[in-house]
Amino acid sequence: MKLQRNGRSKALAIGAMALVSSLSLAACGSDENNNNTAGSGSSGSAPAAINCGSKPTALLSAGSTAQGTAIDVLKTNFSAACKEASVNYGGGGSGAGVQQFNQGKIQFAGSDSALKPAEVEDSKKVCTGGQGINLPLVAGLVSIVYNVDNVDNLVLDGPTIAKIFDSQITKWNDPAIAALNPGAKLPDADIQAVHRTDDSGTTENLTKYFAKVSGGAWSYAPAKAWAGKGGQGANGSAGVAAQVKQVKNSISYAELSYAQTNNLKSAAINTGASKPVEATAANAATTFAKAKIAGTGSDLALTLDYATKDEGSYPLVLVTYEIVCDKGNKADTLDTLKAFLAYGISDAGQKAIGEKGYVPLPKELTDKVNAVIPTLA
């Protein structure tokens, strides 16, 4: 099953980019099967119905910090429309979320990487008669954020980024960086590289990118746990973003939403296209239009092209999956789980999180998620 790069996909990419440039937080209106309504939305926007389900209740969830801001937006809107429902999202990182899910402590986990075979096997203990599946809900990009005075348009490439984060390049005026930034006033200063200390799907996506494009400069296998040499550590996306904001001559990796919230500069990436690709939601949307489904059945895990050289296609992207049971979900929370996921993948939900720096998923993919949600049992 594939999202083909044809005329239709190109149209989807254009549509996704249009969404990014003209997003508005949709208001929540009445659901015909529920009396709860949301109070307000964007000025002048038409109310968007949220189906609260017939048995609204509280959901427990945890995981990816990359999608933290997105879940905050979605749960606020959902709870405003569905007065008796609530979503508690604990964050903690993708690894912690998957662990809690497989311990039966939460109804869904957010993970920036798809479940591994061993994790799927573990999920069968809590998903009675079924297993954990990956449903893409929140899409974004990983910004290479930096704090260097008088350098506002930094350009880096895959091998150089990998060497920086493995302490093979330690000075900002290193010849490799200078060659990518002719005319830039690069300081003769030590690079302060900051990485995630928690098990992180963002780290795994970054290291998958290194595996494809570093030319062997990154010698470690892609993983949630950090393996590079040297550098400083910080917990969560908010933690690394805060470090970069506070520490001069620092560099790290964080989702675009955290770069925007903290007013951090993001490097453009030299992919081999005719010009470096900026870290924008529109450029990430171009990459998502080429995504291929790697999962089978109701599992919608994706394969992303980290090595893309297409014009205006940002390579360092990630998808956060909501990990749920295809069968064996708790009966008392299943109705609300379906309702929340349905809102999150809806046009209104995707527009709402797009306003916070995320990337609305192509309709071809949201349609597939919408087809799976009613089948959860």
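Shown above is the structure to which this text applies.
Residues numbered from 1 in each chain as written. Predicted model: local features only at pLDDT ≥ 70, side-chain atom pairs only at ≥ 80, totals over all residues. Heavy atoms only, no water.

Visitor: Lay out the overall build of the chain with the relevant residues and their values.
Guide: In terms of helices and strands, the chain carries 13 helices and 15 strands. A buried classification covers 56% of the 377 residues belonging to the chain. If you take every contact in the chain between residues at least 6 apart in sequence, the share linking residues at least 24 apart comes to 73%. Taken as a whole, the chain presents about 14800 Å² of accessible surface, with 48% of it coming from carbon and sulfur. (Helix = DSSP H or I, 4+ residues; strand = E, 2+ residues; numbered from the N terminus. Buried < 20%, exposed > 50% of the residue type's maximum accessible area, 1.4 Å probe, protein only. Contact = heavy atoms within 4.5 Å. Areas by Shrake-Rupley, 256 points an atom, 1.4 Å probe, with all protein chains shown as cover.)

Visitor: Quick rundown of the pairing of strand β10 (residues 250–255)? Include the residues and the values.
Guide: Within β10, six of the six residues are buried, leaving the element largely enclosed by the surrounding structure. Every second residue of β10 is oriented toward a common face, with Ser250, Ser252 and Ala254 on one face and Ile251, Tyr253 and Glu255 on the other, all of them buried. Relative to β10, strand β6 (residues 132–147) runs antiparallel, the two sharing six bridges. Across the sheet, the residue bridging to isoleucine 144 is tyrosine 253, located in β10. For strand β8 (residues 192–196) and β10, the ladder comprises two bridges, and the chain directions are parallel. (Pairing = 2+ DSSP bridges.)

Visitor: Could you give an account of the pattern of salt bridges, naming the residues involved and the relevant values?
Guide: A complete count under the given rule lists 15 salt bridges for this structure. For the salt bridge of glutamate 119 with lysine 224, the shortest nitrogen-to-oxygen distance reads 3.8 Å. In this pair, glutamate 119 is assigned in helix α4 (residues 117–123) and lysine 224 in the loop between α7 (201–213) and β9 (232–234), connecting sequence segments 105 residues apart. Here lysine 124 ties to glutamate 121 by a salt bridge, and the two come within 3.3 Å at their closest N and O atoms. Through salt bridges with shared partners, a single ionic network connects Lys116, Glu119, Glu204, Lys208 and Lys224. (Salt bridge = Lys/Arg side-chain N within 4 Å of Asp/Glu carboxyl O.)

Visitor: A description of the packing of aromatic side chains should follow, citing residues and the corresponding values.
Guide: The relation between two aromatic rings is expressed through the spacing of the ring centres and the mutual angle of the planes. Enumeration over the complete set of coordinates arrives at nine aromatic pairs. Aromatic side chains phenylalanine 210 and tryptophan 218 sit 4.9 Å apart centroid to centroid with 45° between the ring planes, which places their arrangement in the tilted category. Judged on exposure class, the residue phenylalanine 210 and its partner tryptophan 218 are both buried. Consider the rings of tryptophan 218 and tyrosine 220, whose centres lie 4.9 Å apart with planes at 75°: the pair is edge-to-face. Among the residues examined, tryptophan 218 registers a relative accessible area of 5% and is labelled buried. With a relative accessible area of 21%, tyrosine 220 lands in the partly exposed category. Within the aromatic cluster, the residues linked to one another by ring pairs are Phe165, Tyr209, Phe210, Trp218, Tyr220, Trp226 and Tyr253. (Phe/Tyr/Trp six-rings, centres within 6.5 Å; stacked < 30°, edge-to-face > 60°.)

Visitor: I'd like a rundown of the packing of helix α2 (residues 68–81) against helix α11 (residues 331–345), residues and numbers included.
Guide: Interhelical geometry of α2 versus α11 gives an angle of 120° and a closest axis separation of 10 Å. Classified by chirality, the crossing of α11 by α2 is right-handed. Contacts from Ile71, Leu74, Lys75, Asn77 and Phe78 of α2 reach α11 at Thr336, Ala339, Phe340, Tyr343 and Gly344. Among the residues making up the contact of α2 with α11, the classes are represented as six nonpolar, three polar and one charged. (Axes fitted to C-alpha atoms, helices over the stretch in contact; angles between N-to-C directions. Left-handed = near helix turned anticlockwise from the far one by under 90°. Nonpolar A, V, L, I, M, F, W, Y, C, P; charged D, E, K, R; others polar.)

Visitor: Tell me about the nonpolar core, and please be specific about residues and values.
Guide: By size, the foremost hydrophobic cluster in this structure holds 97 residues, and its most contacted members are Phe78, Ile144, Leu154, Leu156, Phe165, Ile177 and Ile251. For this core, the element with the highest residue contribution is β6, accounting for nine residues. Ignoring anything within four residues of it in the chain, the contact list for isoleucine 177 reads Leu154, Leu156, Thr160, Ile164, Ile169, Lys171, Trp172, Leu186 and Ile191. (Core = buried A, V, L, I, M, F, W, Y, C linked by side-chain atoms within 4.5 Å.)

Visitor: Go over empty space enclosed by the protein with me, naming the residues and quoting the values.
Guide: Inspection of every chain in the model, using the stated rule, returns one cavity of 30 Å³ or more. Its volume calculated, the largest cavity comes out at about 30 Å³. Lining the largest cavity are Ile164, Phe165, Ser167, Ala193, His195, Trp226, Lys229, Gly230 and Gly231. Listing elements by their share of the lining of the largest cavity, those giving two or more residues are α5 (158–165) and β8. Residues of the lining of the largest cavity, tallied by class, amount to four nonpolar, four polar and one charged. (1 Å grid on protein atoms, 1.4 Å probe; cavity = no way out; pocket = protein on both sides within 12 Å on 5 of 7 lines; lining within 4 Å. Points joined across faces, edges and corners; volume = space filled by probe spheres on them.)

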